[in-house]
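Take a look at the letters that make up each chain.
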Amino acid sequence: MTRRGPHFSLGRSPRRKQTQGGTLTPNQVGLALVLLGVMVLLGKTMRIKWGWTQKLFLPASILAGFLALFLGPEVFGSIASALGTDRFAEGGLFGEETLAVWKTLPGLLISVVFGTLFLGQKLPKPKEVVELAGPQLSVGVAFASGQYVVGIALVTFLLAPLFGINEAAGALIEIGFEGGHGTAAGMQSVFEDINWAEGYDLAVAVATVGLLSGIVIGVAVINWAIRTGRTEVITEVKDRSIEEQRGLFRRDEQYMAAKMTTRPSSVEPLSLHVAFLAVAIGVGVILLKALQWVEQMLWIDKIELLSYVPLFPMAMIGGIVVQLGLNFLGYEHLIDQNMMLRIQGLALDLLITAALATISLQAIANNFWAFLILCAGGILLNVFLLLWLAPRSIPEYWLERGVGDFGQSMGVTATGLILMRIVDPQAESPAFESFGYKQLVFEPFFGGGIITAVSIPFIIAVGPLPVLGVMTALFIFAIATGLFYWGRKFGIDRSKAAGGTKALGNHKANMEAKAAAAAAQQHKD
């Protein structure tokens, strides 16, 4: 790789927002954001009105993104051109300026999403993490590393020789499936830097296939597991309320979106949380600049990696640094986790809508068979690991816990949470707790973490085969620890794990005991 000379890319800033008419004005940027909000509202309306979207649990942002894509130049513009007018060829119904803004948003918002991951999180003791999240971590690492193994192997030995696709495509399954739309968008500048801009469009498309198939397959597996006695919380298929299917709360339901941590007379709590997030992203910028400077001074003549690394994984580390700092100073109560989740959710909804609205259908068409084979390989791997590895590695509630990792490995963390909420609506199992603990160790590396960020630079710098070797070793290690360490430690009967026999159920028994003790104490008082 050629030396570029000293520079600080900060994760490669988005392309300059220009159109044929020049630099965008503030009013044009504002209008683009307004139209994006309108698309999200229309997507939510589609979820409320259309029954098939409810059965598939499709997020409003996905529906909004598809609607915007249809109304843009890729579909509506092409139809108009075929009918004899090129008026909508560049910007569809939205205009070229609006699309120019939308194209830059995913690369910016992904740092917001990752910066909030650990802000407001309670960092548990190491022993708690190991005991509860250990089996979950083995399964999660198997999902992530396995996607590299399947992807790189398919590209190296089949797709590159047959279709001539870029060797960096070997990382698309993990970027799109495990990372989701946010990670795919965050890697846009990396694809541009290796002169394969089509990779971004393919990554977003892979993420879309993963999210949709993850929900559809996940719900189907849950229904099958309930009918065959493989679940422990829900033992029969129940119809969900109309409000739940529409993604709404009933009027009588009480749900607190966030907690007030400061008095608005001094500073609005939302403003304070945004300020903490800004500090976290700022710390990430400093860390990335420092690492890039070290690379410039030491080894860039031989190999160039960190100049390709985007900002968002460093923003995540910045969030950890800010949270640890607040814990040390005794001000950790100023951050509410639910408030950070609301900020994260807003950024993710806008990110997904903008990313889907601006993908190139031509790029997918140019690589259709390679794209299809990669998606099929990733789906088959994930289904196999859910049904074979999870019950043999997770000691109790394997379906309730394993389906969360499956959902995450097919789309985003939210997909896993949706599936866990379906199979365990009242959080009676340790699924959410163990999943959260696992995330503390897992997120800094995979699904948008450090390994995801450097995977493509490594493939370009040293070739796909060394990366394939490392990921294969990690994949085998993850499966071995799940089967022969956690499986044996908790005495899992593998023949029973593969069938419909119930698992240990200790967590549920403990909950019932605690509830009984509390009732007895209340009666005594």
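Rules and cut-offs
Every chain is numbered independently, its residues counted from 1 as its sequence is written. Two thresholds apply to this predicted model, a pLDDT of at least 70 for residue-level local features and 80 or more for giving and counting side-chain atom pairs, whereas whole-chain, interface and lining totals are computed over all residues. Note: side-chain values were computed over all heavy atoms of the structure, leaving out hydrogens and water. The helix and strand labels rest on DSSP assignments: H or I over at least four residues marks a helix, E over at least two residues marks a strand, and numbering proceeds from the N terminus. Burial classification: accessible surface area is computed with a 1.4 Å probe over protein chains only, and a residue below 20% of its type maximum counts as buried, one above 50% as exposed, and the rest as partly exposed. By definition in these notes, contact holds between two residues if any of their heavy atoms fall within 4.5 Å. Using a 1.4 Å probe, accessible areas were evaluated by the Shrake-Rupley method; residue-level cover was limited to the displayed protein chains. Each helix should span, by expectation, one fewer than its residue count multiplied by 1.5 Å. Note on ring pairs: Phe, Tyr and Trp rings are taken, using the six-membered ring of Trp, and paired if centres are within 6.5 Å. Classes follow the plane angle, with under 30 degrees stacked, over 60 edge-to-face and the rest tilted. To get an axis, fit a line to the C-alpha atoms, keeping to the stretch in contact for a helix; angles then go from 0 to 180 degrees between the N-to-C directions. Oblique is the label for any angle not under 35 degrees, not over 145, and not in the 65 to 115 range, which are roughly parallel, roughly antiparallel and roughly perpendicular in turn. Helix crossings get a hand from a simple test, with the near helix turned counterclockwise from the far one by less than a right angle marking a left-handed crossing and a clockwise turn marking a right-handed one. Gly falls in the polar group here, along with every residue not listed as nonpolar (Ala, Val, Leu, Ile, Met, Phe, Trp, Tyr, Cys, Pro) or charged (Asp, Glu, Lys, Arg). Values of pLDDT, the confidence the predictor places in each residue, fall between 0 and 100.

J.: Mind showing me how you'd approach the overall build of the protein here?
T.: The number of helices and strands found in the protein is 23 helices and two strands. A buried classification covers 52% of the 525 residues belonging to the protein. Sequence separation of at least 24 residues holds for 80% of the intrachain contacts in the protein that already meet a minimum separation of 6. Carbon and sulfur atoms form 63% of the exposed surface of the protein, whose accessible area is close to 23,700 Å².

J.: Explain helix α17 (residues 398-410) here, please?
T.: An α-helical turn contains 3.6 residues, so a residue and the one three or four places further along point in the same direction. With 13 residues, α17 extends 18 Å between its outermost C-alpha atoms, agreeing within 8% with the 18 Å of an ideal straight helix rising 1.5 Å per residue. Burial analysis of α17 places 13 of its 13 residues in the buried class, the great majority of the element.

J.: Just to check I follow, could you spell out the packing of aromatic side chains for this structure?
T.: Remark: the centre distance and the inter-plane angle together describe each pair of aromatic rings, the angle taken between the planes. Applying the stated rule across the entire model yields eight aromatic pairs. With a centroid separation of 4.8 Å and 80 degrees between ring planes, the pair formed by Tyr-485 and Trp-486 is classed as edge-to-face. Overall, Tyr-485 belongs to the partly exposed group, its relative accessible area being 44%. On the accessibility criterion, Trp-486 (7% relative accessible area) is buried.

J.: Looking at this model, I keep getting lost on the side chain of Glu-178. Mind explaining?
T.: Mapped onto the elements of the fold, Glu-178 is located in helix α7 (residues 172-178). Ignoring sequence-local partners within four residues, the contact set of Glu-178 consists of Phe-143, Ala-144, Gln-147, Ile-173, Gln-408, Ser-409, Gly-411, Phe-442 and Gly-447.

J.: Just to check I follow, could you spell out unusual backbone geometry for this structure?
T.: Excluding glycine, most residues fall at negative phi; most peptide bonds, likewise, are trans. A positive phi angle is found at Asn-195, which is not glycine, with a value near 60 degrees. In this fold, Asn-195 is placed in the loop between α9 (188-193) and α10 (198-227). Of note, the phi angle at Tyr-397 is positive, near 55 degrees, even though the residue is not glycine. When you line up the elements, Tyr-397 lands in the loop between α16 (368-393) and α17. Owing to a relative accessible area of 1%, Tyr-397 belongs among the buried residues under this scheme.

J.: What's the story with the environment of Asp-201 in this structure? I'm lost.
T.: Here Asp-201 lies in helix α10. Remark: the alpha-carbon pair of Asp-201 and Phe-191, spanning 10 residues in sequence, is separated by 9.6 Å. When near neighbours in sequence (up to four residues on either side) are disregarded, Asp-201 contacts Thr-358, Ile-359, Ser-360, Ala-363 and Ile-364.

J.: What is the right way to read the packing of helix α1 (residues 26-49) against helix α3 (residues 60-71) from this model?
T.: The description of two helices packed together rests on the angle between their axes and the distance between the axes. Orientation of α1 relative to α3, taken along the N-to-C sense of each, is 115 degrees, at an axis distance of 7 Å. In terms of axis orientation, α1 runs roughly perpendicular to α3. The interaxial crossing formed by α1 with α3 has right-handed handedness. Taking contact as the criterion, the partners of Met-39, Val-40, Leu-42, Gly-43, Lys-44, Met-46 and Arg-47 in α1 are, on α3, Ala-60, Leu-63, Ala-64, Leu-67 and Ala-68. Classifying every residue of the contact of α1 with α3 by side-chain character gives nine nonpolar, one polar and two charged.

J.: Explain the confidence of the model for the protein to me, please; I cannot follow it from the model alone.
T.: Note that predicted coordinates carrying low pLDDT should not be read in detail. Here the protein shows a mean pLDDT of 81. Residues at 70 or above account for 83%. At the low end of the mean pLDDT range in the protein sits helix α23 (residues 506-524), at 45; at the high end sits α16, at 94. In this model, residues 1-18 is a region of pLDDT below 50 whose contacts with residues beyond four sequence positions or in other chains number 51 contacts.

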